[in-house]
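Each chain, written out:
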Amino acid sequence: MLYKQQNSFLKIIYIIHSTYTFLFLNIKLYFTKKAIQESNAKKNMATAKFLSFACLRNETNYEDFSPKPHYPSMPKYPKGVFISSNEEKKAIYSVNGMSCSACAGSVEKAIKRLPGIKEAVVDVLNNRAQVIFYPTFVNEETIRETIEDVGFQAKLITEETNEKTSQVCRIRIKGMTCTSCSTTVESALQSIPGVQKARVALATEEAEIQYDPRITTYNQLLEAIEYTGFEAILISTGEGRSKILLKVDGAHTDNSMRIIENSLRALPGVEDVDIDPELKKLSVSYQSDTIGPRKFIQVIESTGSGRFKATLFSEGDGKQSHRHEEIEYCRRSFLWSLVFTIPVFLTSMVFMYIPGLKDGLDIKVVNMLSIGEILRWVLSTPVQFIIGRRFYSGSYKALRHGSANMDVLIALGTNAAYFYSVYSVLRAATSPRFKSTDFFETSSMLISFILLGKYLEVLAKGKTSEAIAKLMNLTPETATLLQFDDEGNVVKEEEIDSRLIQKNDVIKILPGAKVACDGFVIWGQSHVNESMITGESRPVAKRKSDLVIGGTVNENGVLHVRATRIGSESALSQIVRLVESAQMAKAPIQKFADRISKYFVPLVIILSVSTWIAWFLAGKYDGYPKSWIPSSMDSFQLALQFGISVMVIACPCALGLATPTAVMVGTGVGASRGVLIKGGQALESAQKVKCIVFDKTGTLTMGKPVVVNTKLFKSMVLREFYELVAAAELNSEHPLAKAIVEYAKKFREDEENPQWPEVQDFESITGHGVKATVHNKKLIVGNKSLMLDQGISVPVDADEILAEAEELAQTGILVSIDGVLSGVVAISDPVKPGAREVISLLKSMKVESKLVSGDNWGTANAIAKEVGISDVIAEAKPEDKAKKVKELQSLGKVVAMVGDGINDSPALVAADVGMAIGAGTDIAIEAADIVLMKSNLEDVITAIDLSRKTFGRIRLNYFWAFGYNLLGIPIAAGALFPSTGFRLPPWVAGVAMAASSVSVVCSSLLLKNYKRPKKLDNLEIEGITVES
């Protein structure tokens, strides 16, 4: 007997093993082919990243071009001729042969000497020139010939001459349940002509589509999503214009609404007006520089002679309201399912063991059909087809487009149990001897527990986006608007909705109140708490002309702030968009899970059917003893239960949620600490970083140089010397130039706004200095190499002063007047507090630190020695920094670049991870992968540590998701049944499936408890403790 049982067990194991082995080999063959194909695609990734930089900043005309010399234009058009700005035209040229900034300067000068040129910008890094001109006086061909006359090849790039060839549209998608759904939608969007890039995030249930508005429209995108079977709701069109919703009371006819619409369309700056007659709602799109919402309300109310009343239309936050609707829908569905499932459970599993009740349920109605079977049938039917209709709908949508998702598994599993039970009940009703065994409790309990899991999952997913919700709630609901008379005296204070603030409004900020918009202080002084935006714990002093950020809190004192950026242009809105975009971006590791999810459901169906066939055949041909079969069922029913259990226990949701939920929480935690991480790619790269390249000025140092010493080699008054030098440096944006100008102002303290001498023939030489003519004197201000290039001899005394300055970590600036070296200015940029400790902590984290600076070798070495860096590269141009990064990458190192995001932009793009430090309100540094809102170097460590913790959580999520399926499916298939008699009922398998996705989301939520390294918490910098 024992021998027969062992033999039966071996037969079952052999059948199951043969099926799994066949499937495994085919899957392995497929992924091997895919890996070979993808390895070729990866070779172009670095090049694509670098080239994409030029296209990132598409909101302005020429901000996407790298730093370059700037030359004054010739007259835009002949005197006495009026030209409308509407007649301007833009042309972009590909310029080949440029090798340095001098080349770019010569091209720019040649173009600007042409009549009718408004602006010309030459980008030596990307070999391009962008020209804005008046076609009445010059044309594209003349400009091209002028470039070639300078000695370079030029070609007009026609496809990029339009103002905007790319927009980013965001759409909310309802109904996605697993990765297969999001992949289907993403594929449908990418197949639309004109769509350049499409990303669909399951965790946020949103799509971000970059498209060409000349080829397709956002309405076509919405239609494509709805064709795949999901509901699409437009969030934003990406058209770069402001939009406001107004509700109009008193307009009772369609004619009244048309009159209002025509009145608004006639206003300057209004681009579009959409009306909803049923809701009496107006949607107005406008240019915020020209007009604002208060004007719309005024026009509407004056149009109807007082009959119309306009107010802001309140529709709540779209994402939060959608989330609440989804939570409420899942809760209602689950509760209704319980109303029917609990009686089914009681009649099948509880009442059958209670004498009296059991006899009542066993009463026969027709032949062998009992009252209990009829009750279970009647009660489970609404659960299967009404409450569970979402699974049928989702299955149909998926199968219609050739894919399979979790809904398919649920529908197949519950239908198998339900319709077999129906067959069993009908057969009992028509047969006087057949005793039926139904599984109605299996189908109804399965659906109920899956709905419970979905409800818990939606609740948990809502918590992953709390960081964005908190950011969006920072803006106050109201603001105090000030009105002034002609003499600048306040004549009226009015409380308005903060959404009605317009550019150039003056807003009064009381102590303890939130700042309503971005702007600058025109009156008053106070301290402002900016921790909610930048993470800076200490209040920041604000006085006249200082910038303030919307959403921050005024601590003490009253401020009058002039609004400069409102609505979607504000720093807060940009942070929210950046974090939302980061949560849309997929980490490379997620692509592996996406590939598996694509074939997961078909594979599970095959395994389920194989399991059912294996157990059925084993039972039919006596492959196992009859004693294994429970008394309440036969071999067919036992095999069916094993097959259903396999089908419902498999969970593709856990795989799909493992990465995006962790990324959502990780980026949200980073944003709350002033570390803005741009998505999964940045997270995955940052946790691998083994080498960090630091810029010097503004990164390791304070970035605010000051003049500490001056030595003259020519007999002249110091005031006169600095008047000439300051005039020459006034047009330069370099921090050292600004330090000289600020120092020169000390000699003219009696003047509030000192007027400097007129400058002629100004020329900026990147990385070296400037040349200019002031008071008919030719000035050259810069480093030693510039002097030697210009044929100016440097005396021994000057060399000694330069060497001494370098030893003291100071920068020596040489000044030549009329070809004679006349003085040396020593400028110091102090090291940031805590820089040495941060470098030491990085070493303990096994991360190398290197310094790359455009400053001289002596200063760079002195700063490096002070902070503890041994590897230094000095006198590096922007392109040299990028070359150093690539050189380190060629050694197999994952490199991060930390800089200010301006001159360091080429290196930031070239690095595996670019970190822009000290960005403040300027968060639109597209070159960086991570933006550090504060100027604290400790945030570099926080960014790396947070990335490692987040990616560790992603690995744990995948371990759980894969481990759960690899362990759960064999158990559900009956692997333990022959030896232990343990089998997993389908409803228990459903509970386990629901719990798996909930557990993955909860695992990601644990990241909300992230604490930065303890060494940073205890770091004391010059007596000031850095608070976490």
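Residues numbered from 1 in each chain as written. Predicted model: local features only at pLDDT ≥ 70, side-chain atom pairs only at ≥ 80, totals over all residues. Heavy atoms only, no water.

With that settled, consider the packing of helix H12 (residues 389-400) against helix H13 (residues 406-430). Put simply, H12 and H13 touch, their axes get as near as 8 Å, and they point 125° apart. If you check the angle between H12 and H13, you find them oblique. For the pair H12 and H13, the crossing hand works out as left-handed. Facing H12, whose interface residues are Arg-390, Phe-391, Tyr-392, Gly-394, Ser-395 and Leu-399, H13 presents Asp-407, Val-408, Ile-410, Ala-411 and Asn-415. (Axes fitted to C-alpha atoms, helices over the stretch in contact; angles between N-to-C directions. Helix = DSSP H or I, 4+ residues; strand = E, 2+ residues; numbered from the N terminus. Parallel < 35°, antiparallel > 145°, perpendicular 65-115°, else oblique. Left-handed = near helix turned anticlockwise from the far one by under 90°. Contact = heavy atoms within 4.5 Å.)

To continue, consider the confidence of the model for the chain. On average, residues of the chain carry a pLDDT of 78, and 83% of them reach 70 or more. In the predicted structure, residues 159-163 sits below a pLDDT of 50 and forms 13 contacts with residues beyond four places in sequence or in another chain. Confidence over residues 919-924 falls short of pLDDT 50; this stretch has 17 contacts with residues more than four positions distant or in other chains. (pLDDT = per-residue confidence, 0-100.)

With antiparallel pairing, six strands are arranged side by side in an open sheet as E16-E15-E17-E23-E18-E21. With one partner strand each, in any of the chains shown, strand E16 (490-497) and strand E21 (547-548) form the two edges of the open sheet. Of the pairings in the sheet, the one linking strand E15 (residues 478-484) to strand E17 (residues 506-509) comprises three bridges and is antiparallel in character. Bridge assignment links Thr-480 to a residue of E17, and that residue is Lys-508. (Pairing = 2+ DSSP bridges.)

Turning our attention to the sheet that holds strand E3 (residues 128-133). With antiparallel pairing, four strands are arranged side by side in an open sheet as E2-E3-E1-E4. Here the strands that pair on one side only, and so sit at the sheet edges, are strand E2 (117-123) and strand E4 (153-156). If you compare each strand with its neighbour and ignore which way they point, the axes differ by 25° on average. Of the pairings in the sheet, the one linking E2 to E3 comprises six bridges and is antiparallel in character. Looking at E3, one finds that Glu-119 is bridged to Ile-132.

The final tally for this structure, using the stated rule, is 34 salt bridges. Close ionic contact of Arg-144 with Glu-141 constitutes a salt bridge, the shortest N to O distance being 2.5 Å. Taken as a pair, Arg-144 and Glu-141 lie in helix H4 (residues 140-150) at a separation of three residues, close to a single helical turn. Taken together, the shared-partner salt bridges connect Glu-848, Lys-850, Asp-871 and Lys-893 into one network. (Salt bridge = Lys/Arg side-chain N within 4 Å of Asp/Glu carboxyl O.)

Moving on, we come to a nonpolar patch on the surface. A contiguous nonpolar patch, built from Ile-363, Val-365, Val-366, Ile-371 and Leu-375 and spanning about 380 Å² of accessible area, is present on the exposed surface. When residues of the nonpolar patch are traced back to their parent elements, those giving at least two are strand E13 (364-366) and helix H11 (371-387). Secondary-structure assignment places Val-365 in strand E13. (Patch = residues over 30% accessible without salt bridge, like charges linked within 9 Å, V, L, I, M, F, W, Y side chains within 5 Å. Areas by Shrake-Rupley, 256 points an atom, 1.4 Å probe, with all protein chains shown as cover.)

Here we come to helix H31 (residues 938-972). If you check H31, its first and last C-alpha atoms are 50 Å apart, about what 35 residues at 1.5 Å a residue would give, namely 51 Å. The first or second residue beyond H31 is Gly-974, which carries a positive phi of 95°. (Expected span 1.5 Å × (residues − 1).)

Among the seven residues that make up strand E6 (residues 195-201), five are buried, leaving the element largely enclosed by the rest of the structure. Across six bridges, the pairing between E6 and strand E7 (residues 206-211) is antiparallel. Within E7, the residue paired with Lys-197 across the bridge is Gln-210. Once E6 ends, the chain turns through four residues before running back antiparallel as E7, passing Glu-205 with a positive phi of about 55°. (Buried < 20%, exposed > 50% of the residue type's maximum accessible area, 1.4 Å probe, protein only.)

Counted under the stated rule, the structure contains 24 aromatic pairs. Each ring, one from Trp-612 and one from Phe-636, has its centre 5.8 Å from the other, and the planes form 85°; the classification is edge-to-face. Of this pair, Trp-612 sits in helix H18 (residues 588-620) while Phe-636 is found in helix H19 (residues 635-649), placing the two residues 24 residues apart along the sequence. Judged by relative accessible area, which is 27%, Phe-636 ranks as partly exposed. Centroid distance Tyr-624 to Trp-628: 5.5 Å. Interplanar angle 5°. Geometry classified as stacked. Residue classification places Tyr-624 among the buried residues on the basis of a relative accessible area of 3%. Taking the relative accessible area as the measure of exposure, Trp-628 reaches 13% and is therefore buried. Of the aromatic side chains, those joined through ring pairs into one cluster are Trp-377, Phe-385, Tyr-392, Tyr-418, Phe-419 and Phe-440. (Phe/Tyr/Trp six-rings, centres within 6.5 Å; stacked < 30°, edge-to-face > 60°.)

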